[in-house]
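Chain by chain, the residues:
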Amino acid sequence: MRIAAFVLAGAVMAASAGPLVAEEEFGGMPAAPGVEETFYTCSTCHSIRLVTQQGLSRESWEETLEWMVAEQEMEPLEPADHNSVIGYLSTYYGIDRRAKAIASEKN
Amino acid sequence: MENQDQHAKVPADLMQRYEDNPEQADLEIFGRKTGGNRRGFLKGAGLATMGALIGTAIPFHRNMPSGFIPEALAQSAMEIDGKDGLSVLNDRPVNAETPPHLLNDDVTPTSRHFVRNNGIPPENTSADGWSLTIDGLVGKPMELSIADLKSKFEVVTERLVIECGGNGRAAFDPPAKGNQWTLGAVACSEWTGVRLRDVLQAAGVKDNVVYTAHVGADSHLSGKEGKLAISRGVPIDKAMNPHNLIAFGMNGADLHPMNGAPLRLVVPGWPGSCSQKWLKRVWLRDQVHDGPKMTGKAYRVPGYPVEAGQKVPKSDFEIIQAMPVKSLITTPETRTKITGRSLKVAGHAWAGDDAVARVDLSIDFGATWIQTDLASPANPYAWQRFGAEVSFPMAGYYEVWARATDTQGRAQPFGIAWNPKGYLNNSMHRVSVYVS
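Cut-offs applied
Residues numbered from 1 in each chain as written. Chains lettered and ligands numbered in written order. Predicted model: local features only at pLDDT ≥ 70, side-chain atom pairs only at ≥ 80, totals over all residues. Heavy atoms only, no water. Helix = DSSP H or I, 4+ residues; strand = E, 2+ residues; numbered from the N terminus. Buried < 20%, exposed > 50% of the residue type's maximum accessible area, 1.4 Å probe, protein only. Contact = heavy atoms within 4.5 Å. Areas by Shrake-Rupley, 256 points an atom, 1.4 Å probe, with all protein chains shown as cover. Axes fitted to C-alpha atoms, helices over the stretch in contact; angles between N-to-C directions. Parallel < 35°, antiparallel > 145°, perpendicular 65-115°, else oblique. Nonpolar A, V, L, I, M, F, W, Y, C, P; charged D, E, K, R; others polar. Pairing = 2+ DSSP bridges. 1 Å grid on protein atoms, 1.4 Å probe; cavity = no way out; pocket = protein on both sides within 12 Å on 5 of 7 lines; lining within 4 Å. Points joined across faces, edges and corners; volume = space filled by probe spheres on them. pLDDT = per-residue confidence, 0-100.

A.B. asks: I tried to follow the overall build of chain A on my own but got confused; where do I start?
C.D. replies: For chain A, the helix and strand inventory stands at six helices and zero strands. Starting at the N terminus and walking to the C terminus, you meet the elements of chain A as α-α-α-α-α-α. When the 107 residues of chain A are sorted by exposure, 47% land in the buried category. The long-range share in chain A, meaning contacts at least 24 apart out of those at least 6 apart in sequence, stands at 57%. When the accessible surface of chain A is split by element, carbon and sulfur atoms take 54% of a total near 5,200 Å².

Rendered as structure tokens:
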């Protein structure tokens, strides 16, 4: 078991149960409804950076989450969380994100 | 924040208590109730990043208490030990590419070789005690130590290109799914090892073998016991190419831990995923291998040209074989400013299972082309250096484009042949030059 590695990483631990949040609490993702569920769901096994690189359609996000459950050991989400996560990803990491980024740079 | 100045020690029996009863440990140590169906019991970026820096899975991450967020890990940039100047795309699993101008060396130094991990590298990457199993449909299964490999087979050293199948994915429009490599998931280091062919021949390849299957010691991101992160293979004809190495040396020294220490396959000319890292086993099969990242759409492209963004049925995808011809301008760096009217341009070119016949440069968006001096490869599957001096007619903004053509007459395209997973982008590399 590898929990001893936490000490090596120089973990700073609060004695009482209050979270010490990193500077970018959700890996730099936009603070919008669904960000919390998305962040926790998607960074259990891999870095959130794998998510924040993407720009996918809603259908493609659905497919991705299905694959995560089917082959990558992810626990299926409850419907409310699932909708929240898919909605968030489709909005902020959608297929049009490059176009949006360019448009917003021009303004 | 109220807790910021508290530095508590991790209880000495933390591990044991979590092993015995995670929920109870969480309650007692952190005063926190966990469990139930709350996924990803994490707050903050710390856990995932911590796992990456530690380089291991964290089996009880679902029971990780809040409050375990190392401040040092709040940074988005990440240094990788033994690597220099790489651009980190992802910290768990670790994926990092090399900016083109840092790939100028004919032989890519270990510190500049890109890193592409699918899972978590093994903790122990020592050559001592490492064993390689050769089995499946062979006459004589073998278990070999690295010392055995060195003593029983001819040791060779070759410069071999490894390129990620998804190199260039970032340029896809609409975006394709996966690590958004730009230009730098490619390298040509000097590899020392024994020929895969020689080892397979010693084991005796049975007549009905069609494919190899490769297994490494890296573990799946989920931490699930025994689950492989990746296990690909190649058709037996490709496997028997004399330039495939079971490599234990990289640039005259041990392999970098992130590049597959102490033993890996190097199967040049095909996607890097054929070059299994932390190699433990090669087995021979009478069917196309179906390990993780061999099936579905992984390392597959549609069997026919598709429109950008087209939805393609899974059954229409085919496994990628040789990588296409490609080149990289490594000098000058893009966005270079010069005051003179001439500039030395140089870089490397490579071409899957073929060699590069010529490399041409253009400074006028492809209207006219300047042929470069092109070196022969040091050995098959090494990249080839090209160079030319280009002259600019006047001050202004220019792009220098490089276009390689292989020995079968196939050149790099102007655009991208879009495919859903973003593979095989061999469109031309362009660097910008400001001439004043």
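There is more to say, and it comes next.
A.B. asks: Hey, could you run me through the packing of helix α2 (residues 35–42) of chain A against helix α5 (residues 79–92) of chain A in this one?
C.D. replies: All names here are of chain A. Running from N to C, α2 and α5 cross one another at 95 degrees; their axes reach a closest spacing of 8 Å. Taken together, the axes of α2 and α5 lie roughly perpendicular to each other. Listed contacts from α5 to Val35, Glu37, Thr38 and Thr41 of α2 are Asp81, Ser84, Val85, Tyr88 and Leu89. Here the contact of α2 with α5 is composed, by residue class, of four nonpolar, three polar and two charged.

A.B. asks: Explanation requested: the pairing of strand β5 (residues 142–145) of chain B in the structure shown.
C.D. replies: Along any regular strand the residues' side chains alternate between the sheet's two faces. Residue and element names in this part refer to chain B. Only one face of β5 is buried: it carries Met142 and Leu144, and the other face, with Glu143 and Ser145, is open. Here strand β4 (residues 131–136) pairs with β5 via four bridges, running antiparallel. Residue pairing across strands places Thr133 opposite Glu143, the latter belonging to β5. The hairpin formed by β4 and β5 contains five residues between the paired strands.

A.B. asks: Can you help me understand empty space enclosed by the protein in this one?
C.D. replies: Gaps left between atoms show up when a probe the size of a water molecule is rolled over them. Residues and elements named next belong to chain B. Summed over all chains, the structure comprises four cavities of 30 Å³ or more. Space inside the largest cavity adds up to approximately 210 Å³. Surrounding the largest cavity, 20 residues form its lining, Arg116, Asn118, Gly272, Ser273 and Lys277 being those nearest its centre. Taken together, the residues of the lining of the largest cavity break down into seven nonpolar, nine polar and four charged.

A.B. asks: Explain the layout of surface pockets to me, please; I cannot follow it from the model alone.
C.D. replies: All names here are of chain B. There is about 580 Å³ of room inside the second largest pocket. Lining the second largest pocket are 29 residues; nearest its centre among them are Leu183, Met428, His429, Arg430 and Val431. The set of elements that each furnish at least two residues to the lining of the second largest pocket consists of β14 (326–331), β21 (396–406) and β22 (429–435). The element contributing the most residues to the lining of the second largest pocket is β22, with five residues.

A.B. asks: Before we go on, may I ask you to explain the confidence of the model for chain A in this structure?
C.D. replies: Low-pLDDT portions of the prediction should not be read for the details of their coordinates. Averaged over every residue, the pLDDT of chain A is 77; the share at 70 or more is 75%. This model gives residues 1–23 of chain A a pLDDT under 50, and the stretch forms 72 contacts once residues within four places in sequence are excluded.

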